[in-house]
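Examining the three-dimensional arrangement
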Amino acid sequence: MEESKGSALEVLRIFLRLGCSCFGGPVAHIGYFRTAFVSKRGWLAERDYAELVGLCQFLPGPASSQVGFAIGLLRAGLPGALAAWVGFTLPSALLLLAFAYGAGHLNGGLGQGLLHGLKLVAVAIVAQAVWGMAKSFCPDLRRAGIAVACGLPILSAQTGAMQLVVIALGALAGLALCQGGGVPEPVAQVPVSRRAGLVALGLFFLLLFGLPMLAWMPSMAVMAAFYHAGALVFGGGHVVLPLLRDAVVAPGWVGSEAFLAGYGAAQAVPGPLFSFAAYLGTLAAPLPGPGGAALALIGIFLPGMLILLAALPFWAALRRRPGAQAAMRGVNAAVVGLLAASLYNPVWTSAVLRPADAALALVLFLLLLVAKLPPLAVVGLGALGGMGLIFI
């Protein structure tokens, strides 16, 4: 990683652009982040980035947003972390807030074609990430075997619990098969002390158990419901939906049809799926409107960020030990297998429905890998291509 530090404004500018262009869910976001911060800007080394992804897969909360939060933290301290979260989350949150107030959404053939083209962009982005990470982290048969063995279970069980199992198995396989290879050079120091990490951990549990006691206040009721959902989900993304449904539909805050309509709209916007909370918070009966949206967003993202702050200072020290490095080699290979499995299901299976879709996805992949076009340009071309496919 670069030793020089950037500014929170720099982080905000880059993540705001990503928040406007990162379609395709958390797996695709990891691909976008790798392109932006490993390949293009060199803020992190490939190995550091893969280890960070592995760590965030272990923790509760939205994995891709946690990765972005950590990148901002390492670049510009806590202001940079907050800037990364705001930049990445704000565009989708505003779009879903507008949708909650009845703003029009894409209808008709061209609109559906555009959305389909964005799904094909996600295929290309994830494929590029798998290609690049496989070259770095599966250079021998042992690690390639770990990747395959860890990817196969994900094909049959797309759950946060299975992701945890896969990462843990990768670590054990690394300890058994990937000893040696030296210890990496120290990276730039994580700007969080161990004491601050313990404080963040204490605050995580204090809010988890304390907020429900204040639920007699409308604002705290909203905060408690969304904090609980964010604190107890592993893997993020779609895994949080059952928890959110229990939080807002079961008590009658949001109707079932409105919930499903918002879920559909959330698929059409860039950025984290957790921004769905902005839509639900706007409609939530205890405190409807923008205030409810803001509380819902803070509530659902806060636990994941607190637990990440608690883990980072200890991870930075642990990663320098030879045994930990062997485990992380296995984790890195497991992450490749996880991404490859996710590339097939759900990214490929939900986007590539006919040969013309596969052809467009291949063209977009080659534009990224060979022509090295910026991801934002590929997003635009993919959207145009998707609209063109409706005439074929």
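For the structure, see preceding data.
Residues numbered from 1 in each chain as written. Predicted model: local features only at pLDDT ≥ 70, side-chain atom pairs only at ≥ 80, totals over all residues. Heavy atoms only, no water.

Counting its secondary structure elements, the protein contains 16 helices and zero strands. Taking contacts inside the protein between residues at least 6 apart in sequence as the whole, the part at least 24 apart equals 76%. (Helix = DSSP H or I, 4+ residues; strand = E, 2+ residues; numbered from the N terminus. Contact = heavy atoms within 4.5 Å.)

The subject of this paragraph is the nonpolar core. Judged by nonpolar contacts, the single largest core of 136 residues is most densely connected at Leu 18, Phe 37 and Phe 226. Per element, the largest residue contribution to this core is 16 residues, and it comes from helix H4 (residues 63-100). In contact with Phe 226, not counting residues within four places along its chain, are Leu 244, Val 248, Ala 277, Leu 280, Gly 281, Ala 296, Gly 299 and Ile 300. (Core = buried A, V, L, I, M, F, W, Y, C linked by side-chain atoms within 4.5 Å. Buried < 20%, exposed > 50% of the residue type's maximum accessible area, 1.4 Å probe, protein only.)

This part takes up the pattern of salt bridges. If you walk through the whole model with that rule in mind, you get four salt bridges. The closest approach of N and O atoms between Arg 75 and Glu 10, which form a salt bridge, is 3.3 Å. Separated by 65 residues along the polypeptide, Arg 75 in helix H4 and Glu 10 in helix H1 (residues 8-21) bring together distant segments of the chain. Across the pair, Glu 10 and Arg 75 agree in class, each one buried. A salt bridge links Arg 354 to Asp 357, with the nearest nitrogen and oxygen atoms 3.8 Å apart. (Salt bridge = Lys/Arg side-chain N within 4 Å of Asp/Glu carboxyl O.)

Once that is clear, we can look at the packing of H4 against helix H12 (residues 276-283). Two measures define how a pair of helices packs: the angle their axes make with one another and the distance between the axes. It is the contact of H4 with H12, at a shortest axis distance of 7 Å, that shows an interaxial angle of 35°. For the pair H4 and H12, the crossing hand works out as right-handed. Two secondary-structure elements touch here, H4 through Ala 93, Leu 96, Leu 97, Phe 99 and Ala 100 and H12 through Phe 276, Ala 278, Tyr 279, Thr 282 and Leu 283. Residues of the contact of H4 with H12, tallied by class, amount to nine nonpolar, one polar and no charged. (Axes fitted to C-alpha atoms, helices over the stretch in contact; angles between N-to-C directions. Left-handed = near helix turned anticlockwise from the far one by under 90°. Nonpolar A, V, L, I, M, F, W, Y, C, P; charged D, E, K, R; others polar.)

The next subject is the packing of helix H2 (residues 25-40) against H4. In the contact formed by H2 and H4, the axes pass within 9 Å of each other and the chain directions differ by 35°. Between H2 and H4, the residues in contact are Pro 26, His 29, Phe 33 and Phe 37 and Ser 64, Val 67, Gly 68, Ile 71 and Phe 88, respectively. For the contact of H2 with H4, a count of residues per class yields six nonpolar, three polar and no charged.

A few words on unusual backbone geometry. The residue Lys 372 is not glycine, and still its phi comes out positive at about 55°. Structurally, Lys 372 can be placed in the loop between helix H15 (355-369) and helix H16 (375-389).

Summarising the element assignment, Leu 110 is placed in helix H5 (residues 108-137). Considered as a pair, Leu 110 and Phe 391 are 281 residues apart in the sequence and their alpha carbons are 9.6 Å apart. With residues near it in sequence (within four places) discarded, Leu 110 still touches Met 387, Ile 390 and Phe 391.

Now for H2. Taking 1.5 Å of rise per residue, the 16 residues of H2 would be expected to cover 22 Å, and the 21 Å separating its terminal C-alpha atoms lies within 8% of that figure. Of all the bends found along H2, the most pronounced is centred on Arg 34 and spans about 30°. Among the 16 residues in H2, 12 count as buried, and that is most of the element. Listing the buried residues of H2 in full gives Val 27, Ala 28, His 29, Ile 30, Gly 31, Tyr 32, Phe 33, Arg 34, Thr 35, Ala 36, Phe 37 and Val 38. Among the residues trailing H2, Gly 42 stands out with phi positive, at a value near 65°. (Expected span 1.5 Å × (residues − 1). Bend = angle between axes of the 7 residues up to and from the residue.)

Let us look at the packing of aromatic side chains. Throughout the structure, instances matching the rule amount to 12 aromatic pairs. Judged by centre distance (6.3 Å) and plane angle (45°), the ring pair of Phe 204 and Tyr 227 falls under tilted. With a gap of 23 residues between them, Phe 204 in helix H8 (residues 194-210) and Tyr 227 in helix H9 (residues 218-231) connect regions that are remote in the sequence. Assessed through its relative accessible area of 1%, Tyr 227 is described here as buried. (Phe/Tyr/Trp six-rings, centres within 6.5 Å; stacked < 30°, edge-to-face > 60°.)

Before going further, it helps to spend a moment on H4. The α-helix winds at 3.6 residues per turn, so residues separated by three or four positions along the chain end up facing the same way. Under the 1.5 Å per step criterion, the end-to-end length of H4 is only 25 Å for 38 residues, more than 12% shorter than the ideal 56 Å. Largest kink in H4: about 145°, centred on Ala 76, with the proline Pro 79 one to four residues after it. Among the 38 residues that make up H4, 29 are buried, leaving the element largely enclosed by the rest of the structure. Following H4 by one or two positions, Gly 102 adopts a phi angle in the positive range, close to 95°.

Assignment of secondary structure puts Glu 46 in helix H3 (residues 46-58). Polar contacts involving the side chain of Glu 46 include one to the side chain of Arg 34, which spans 2.9 Å. (Polar contact = N/O pair within 3.5 Å; in protein donor to acceptor, adjacent residues only side chain to side chain.)

Before going further, it helps to examine the environment of Gly 255. Structurally, Gly 255 is set in the loop between helix H10 (241-248) and helix H11 (256-266). With a relative accessible area of 41%, Gly 255 lands in the partly exposed category.

Evaluated as defined, the whole model comprises zero disulfides. The thiol of Cys 150 is not disulfide-bonded; the next cysteine sulfur, from Cys 138, is found 9.8 Å away. The buried category is assigned to Cys 150, whose relative accessible area is 5%. (Disulfide = S-S within 2.5 Å.)

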